[in-house]
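So you can see what is in the structure, the chains are spelled out below.
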Amino acid sequence: FDTVTRANAFLYANIAVEDDCAKDVRLDVVYIQDVSRPGRATFRATATDERCEGIGGDHIHSELFQVEIFENYTTLGLYDDDTIVMGMACDGRDQNCNGIIDDCDEDRIPPTITFKDALTVSAFERKSDGVTFIDSPTFQTLDSGEAYLYSIIKTEDDCAT
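Residues numbered from 1 in each chain as written. Predicted model: local features only at pLDDT ≥ 70, side-chain atom pairs only at ≥ 80, totals over all residues. Heavy atoms only, no water.

1. Here's the deal with the overall build of the protein chain
Within the protein chain, the secondary structure is distributed over 2 helices and 7 strands. Along the protein chain, helices and strands appear, N-terminal first, in the series α-β-β-β-β-β-β-α-β. Looking at the 161 residues of the protein chain, the share that counts as buried comes to 23%. A fraction of 43% describes how many contacts in the protein chain between residues 6 or more apart in sequence connect residues 24 or more apart. (Helix = DSSP H or I, 4+ residues; strand = E, 2+ residues; numbered from the N terminus. Buried < 20%, exposed > 50% of the residue type's maximum accessible area, 1.4 Å probe, protein only. Contact = heavy atoms within 4.5 Å.)

Okay, here's the thing in structure tokens:
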């Protein structure tokens, strides 16, 4: 999340509370600044069975939630200067503040396709559409050409293992 306010609103909207016999259960989500630290915000979510409030018994339950706060990220998952960060979609964080860690919308760097290191082939790029043609070596069958391409091409992605 990029602000404490957005994190609070997300928790309030997404925490479900219920009681075995109560119809009116109140949820309060409160930011606890004293136990929060830089980059993290701590919230206390408290569910109260309003029909028993003030009477006694087991009518209140609280849980603590800790969320990451990225003040230097916009909701697009980019730094304020629009720098794209390598590994942004696989770093265990929610840069675009949608409540989902490492979703596909955070992946701003496409995979690459290159020839394996130290490989030399004779190729040219057709200007009209940017398609690359290998003119040497040549192949007698489509299968042998395909097998050769699989052996010389390397694919990489900043988040693929």
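2. A word on the state of the cysteines
Here is the idea: a disulfide is a covalent bond, and it sits between the sulfur atoms of two cysteines. In total, this model carries 1 disulfide according to the counting rule given. Cys90 shares a disulfide with Cys159; S-S distance 2.2 Å. Between Cys90 and Cys159, the S-S torsion sits near -80°, and that sign places the bridge as left-handed. Highlighted residues: Cys90 in the loop between β3 (60–68) and β4 (112–115) and Cys159 in the segment after β7 (153–156), separated in sequence by 69 residues. We classify Cys159 as partly exposed; its relative accessible area is 22%. (Disulfide = S-S within 2.5 Å.)

3. What to know about the side chain of Thr42
Note on placement: Thr42 falls in strand β2 (residues 40–49). In terms of polar contacts, Thr42 uses its side chain to reach the side chain of Gln66, at 3.4 Å. The residues contacting Thr42, other than those within four sequence positions of it, are Val30, Tyr31, Ile32, Val35, Ser36, Leu64, Phe65 and Gln66. (Polar contact = N/O pair within 3.5 Å; in protein donor to acceptor, adjacent residues only side chain to side chain.)

4. Describing the sheet that holds β3
On the basis of which strands lie adjacent, the open sheet formed by 3 strands has the order β1-β2-β3 and antiparallel pairing. On the outer flanks of this sheet lie β1 (25–31) and β3, each paired with one strand and no other. Adjacent strand axes in the sheet meet at a mean angle of 20°, parallel and antiparallel pairs treated alike. As judged from the 9 bridges shared by β2 and β3, these two strands associate in the antiparallel manner. By the bridge assignment for β3, Ala47 is matched with His61. (Pairing = 2+ DSSP bridges. Axes fitted to C-alpha atoms, helices over the stretch in contact; angles between N-to-C directions.)

5. Comments concerning the nonpolar core
Residues Ala7, Leu11, Leu27, Val29, Ala41, Phe43, Ala45, Val67 and Ile69 constitute the largest nonpolar core, which totals 9 residues. Counting only elements with at least two residues in this core, the list comes to α1 (4–14), β1 and β2. A total of 3 residues in this core trace back to one element, the largest contributor, which is β2. Excluding its chain neighbours within four sequence positions, the residues that come into contact with Val29 are Asn8, Leu11, Tyr12, Ile15, Phe43, Arg44 and Ala45. (Core = buried A, V, L, I, M, F, W, Y, C linked by side-chain atoms within 4.5 Å.)

6. Focus on a nonpolar patch on the surface
On the surface, Ile113, Phe115, Leu119, Leu149 and Ile153 cluster together into a nonpolar patch covering about 400 Å² of accessible area. On the basis of relative accessibility, which here comes to 34%, the residue Leu149 falls in the partly exposed class. (Patch = residues over 30% accessible without salt bridge, like charges linked within 9 Å, V, L, I, M, F, W, Y side chains within 5 Å. Areas by Shrake-Rupley, 256 points an atom, 1.4 Å probe, with all protein chains shown as cover. Salt bridge = Lys/Arg side-chain N within 4 Å of Asp/Glu carboxyl O.)

7. Here's the deal with the pattern of salt bridges
By the definition in use, this model includes 2 salt bridges. Among the ionic pairs, Asp28 bridges to Arg26, the shortest N-O distance being 3.1 Å. Given the relative accessible area of 31%, Asp28 is considered partly exposed. For Arg126, the salt bridge goes to Asp129, with nearest N and O atoms at 2.6 Å. Given the relative accessible area of 43%, Asp129 is considered partly exposed.

None of this, on its own, says anything about what the molecule does.
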